[in-house]
Amino acid sequence: MAKKAEKTKKTEAAEWMYEIISNPHVTEKGTRGSEHGQVTFKVPMSATKPQIKQAVETLFEVKVKGVNTLIQKGKTKRFKGHKGFRGDVKKAIVTLEQGQTIDQFNA
Amino acid sequence: MAELADALDLGSSAVRRVGSTPSTRTNLPDYRKEEMTMQVKELKKSGLNHELEVTVTAQDIDKRVDQRLQEVGKTIKMPGFRPGKVPLKLLKQKYGKAIMGEVLEIAVNETSTKALKEKDLKPALQPKIEVKSFDEGKDLTYTMSVEVLPKFDVKEYKGIKLQKLVSKPDDKAVNEALEKIASNNQTTVKVEGKRAAKDGDTTVIHFKGRTADDNFEHPGMEGDDHHLKLGSGMFIPGFEEQLIGKKAGDKVEVKVTFPKNYSKELAGRDAIFDVEIKELREPGEAKIDDDFAKSLGLDSLDALKTAVQEQMQQEYDRQSKMHLKKTLMDRLDELHDFEIPAGMHDMEFNNILGQIEHERAHHVHGEHCDHGDDYSDKVTDKEKDELKDIAGRRVRLGLVLSEIGTKNNIKVSDVELQKAVIAEAQRYPGQERDVFDYFSKNRGALETLRAPLFEQKVVDYILELADVSEKTVSGEELLKALDEDDGEGKEKSKKPAAKKKKA
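Small disclaimer: the values here were computed from a predicted structure and weren't measured.

A.B. asks: Explain a negative patch on the surface here, please?
C.D. replies: Residues and elements named next belong to chain B. A grouping of D170, D171, E176 and E179 is seen on the molecular surface, where their side chains present a negatively charged patch. By the element assignment, E176 lies in helix 5 (residues 171-184). A relative accessible area of 42% places E176 in the partly exposed class.

A.B. asks: Is there a simple way to think about the pattern of salt bridges in this case?
C.D. replies: Between side chains of opposite charge, a pair can form when the charged atoms approach closely. By the definition in use, this model includes 6 salt bridges over all chains. A salt bridge links A:K73 to A:D88; the shortest N-O distance between them is 3.9 Å. Within this pair, whereas A:K73 is found in the loop between strand 3 (64-72) and strand 4 (76-79), its partner A:D88 is found in the loop between strand 5 (82-85) and strand 6 (89-96), the two being separated by 15 residues in sequence. Overall, the relative accessible area of 61% leaves A:K73 in the exposed class. You can call A:D88 partly exposed: its relative accessible area is 35%. Linking B:R318 and B:E315 is a salt bridge whose minimum nitrogen-to-oxygen distance equals 3.5 Å. On the criterion of helical spacing, the pair formed by B:R318 and B:E315 is a turn pair, its members being 3 residues apart in helix 7 (residues 301-335).

A.B. asks: Explain the sheet that holds strand 1 (residues 23-24) of chain A to me, please; I cannot follow it from the model alone.
C.D. replies: Backbone-to-backbone hydrogen bonds pair the strands of a sheet. The strands run either parallel or antiparallel. All names here are of chain A. Spatial strand order, 1-2-6-3: 4 strands in an open sheet with antiparallel pairing. For this open sheet the edge positions go to strand 1 and strand 3, each flanked by a neighbour on one side alone. Sheet analysis places strand 3 next to strand 6, joined by 8 bridges and oriented antiparallel. Across the sheet, residue V64 finds its bridge partner in strand 6, namely L96. Here helix 4 (residues 49-60) sits on the sheet and contacts strand 2 (38-43), strand 3 and strand 6; the angle it forms with strand 3, its principal contact strand, is near 125°.

A.B. asks: Please clarify how the packing of helix 3 (residues 58-73) of chain B against helix 4 (residues 88-119) of chain B should be interpreted in this entry.
C.D. replies: When two helices pack together, their arrangement is captured by the angle between the axes and the distance separating the axes. Residue and element names in this part refer to chain B. Where helix 3 contacts helix 4, the two axes come as close as 7 Å, and the packing angle between them is 120°. Taken together, the axes of helix 3 and helix 4 are oblique relative to one another. In the packing of helix 3 onto helix 4, the handedness of the crossing is right-handed. Of the residues in helix 4, those in contact with I61, R64, V65, D66, R68, L69, Q70, V72 and G73 of helix 3 are L88, L91, K92, Y95, I99, M100, E102, V103, L104, I106, A107 and E110. Looking at the contact of helix 3 with helix 4 residue by residue, the class counts come to 13 nonpolar, 2 polar and 6 charged.

Definitions and cut-offs
- Residues numbered from 1 in each chain as written.
- Chains lettered and ligands numbered in written order.
- Predicted model: local features only at pLDDT ≥ 70, side-chain atom pairs only at ≥ 80, totals over all residues.
- Heavy atoms only, no water.
- Patch = residues over 30% accessible without salt bridge, like charges linked within 9 Å, V, L, I, M, F, W, Y side chains within 5 Å.
- Areas by Shrake-Rupley, 256 points an atom, 1.4 Å probe, with all protein chains shown as cover.
- Salt bridge = Lys/Arg side-chain N within 4 Å of Asp/Glu carboxyl O.
- Lys, Arg positive; Asp, Glu negative; His and termini not counted.
- Charge placed at Lys NZ, Arg CZ, Asp CG, Glu CD.
- Helix = DSSP H or I, 4+ residues; strand = E, 2+ residues; numbered from the N terminus.
- Buried < 20%, exposed > 50% of the residue type's maximum accessible area, 1.4 Å probe, protein only.
- Pairing = 2+ DSSP bridges.
- Contact = heavy atoms within 4.5 Å.
- Axes fitted to C-alpha atoms, helices over the stretch in contact; angles between N-to-C directions.
- Parallel < 35°, antiparallel > 145°, perpendicular 65-115°, else oblique.
- Left-handed = near helix turned anticlockwise from the far one by under 90°.
- Nonpolar A, V, L, I, M, F, W, Y, C, P; charged D, E, K, R; others polar.

Following this line, the structure appears as structure tokens:
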């Protein structure tokens, strides 16, 4: 019991969490997920699923069911014959427990 | 103040002005035609003043906002979304506030006109609206204070008894006019021998002047062979008088003081003029005969007489018409007595006041008149009271005439308006093009032309029905009758409606 109490105890919001949840990813496709309690964020490449989960839970005070991540490879672009790359982007699709919502755009 | 007494501009009468609020002017998209529900509560009512409180429910407003958002959402571009695919929720977050303002304005406009309709009030001026409370999700309440057009019955104007003064120029008047023309075209005859100059004589002088204190000759103070008619007041006051009694060949030193409103440098300074009278001429006999007529470009004396007579007749006719209109206005004013909206009254009063002040300011600074000092450009309180009465009369007559006009379906057609524009353009020869452009571009200006036309039509309509008796009077009596009505005989002011800015 004591252990469970400790787990539900609020974790302090740490600086790295804000770094993870710095950008909401608001797109047509992203908002489609909102019907299923899914929210999309852009996260740093270094962020891991557990970190994302923890960050979302503490910053928005919601319960997270699961996190899916993907890395979108940057496009190769050419400019005046020179090769160039756009940076890769890591996105995280966070599924919330039923009944939970995030007003992420006001965050 | 003949024209002042006329009714104020009717064509753009207040009712019509209020009618074109933005909401009714624009073509409404379908969804907005849906009526808003509202509650109207009458707070106060005193005389012509009404105060209403209008409440529109929050749901109504919200519905409007959503509809409007959907409308604009079709074209709004947002990163991450194709146009028209942005979810309403997001739109609301981003644009809700702006749309809200827009919707509120429309809501207030729409409901205020509706409320007035519901209460059957005809506003005289634009109602004053004050939003009392509104927040998102709360009902919109606002108060509206409005001054209504007074309800009055148009008194019987059919068969109104009017007297038309008709006048024909008689021989005496024609002769007088002829003599006047003759004296204007008078030739002068050199006086032989020595005789003292008297009033009415013309002196041919050489003059050279200097200011008394510094002996300086200013430009324009010298002249040779100048024909100066004594008593004509052409020169500085005092100058001509000092020449009276002098003979041809005399040398006179004339001492004068420049009037205060003379040109800056010289105003109020003493000056000495050395004048030499070279010649003395007296007015030649004005003969009215065929030769005189010929010198004026007419065949014979008879032709001249008829021309003068015709001209006078026209003038008399015009005056008789004016007098008739004035008496009609007077009668209508007597017949109707009702409270007029204070707002309109004030507006008209300020209008007149502004005009008169403007005219006076113009008058004083525009000319170097001798009466510049005692002629104040401030309107005294007593005059203000008078003007207030006039303004009230104009407003009342305006209301009466417009009521009669609308009841009898008197309208100013576009053709008539076109004619008026052409007439107006002819007043500015050489600029006709500009005048036309001005009117075609400026609907408001066109309306100002419509007003006097409308008034004239209504007046004509009433006159047709009126029982007009004719009375023949002499020309002087006619003029006197007009003058009496003018009362104070101050400067005649044009109606604001008839005024037009130069194109």
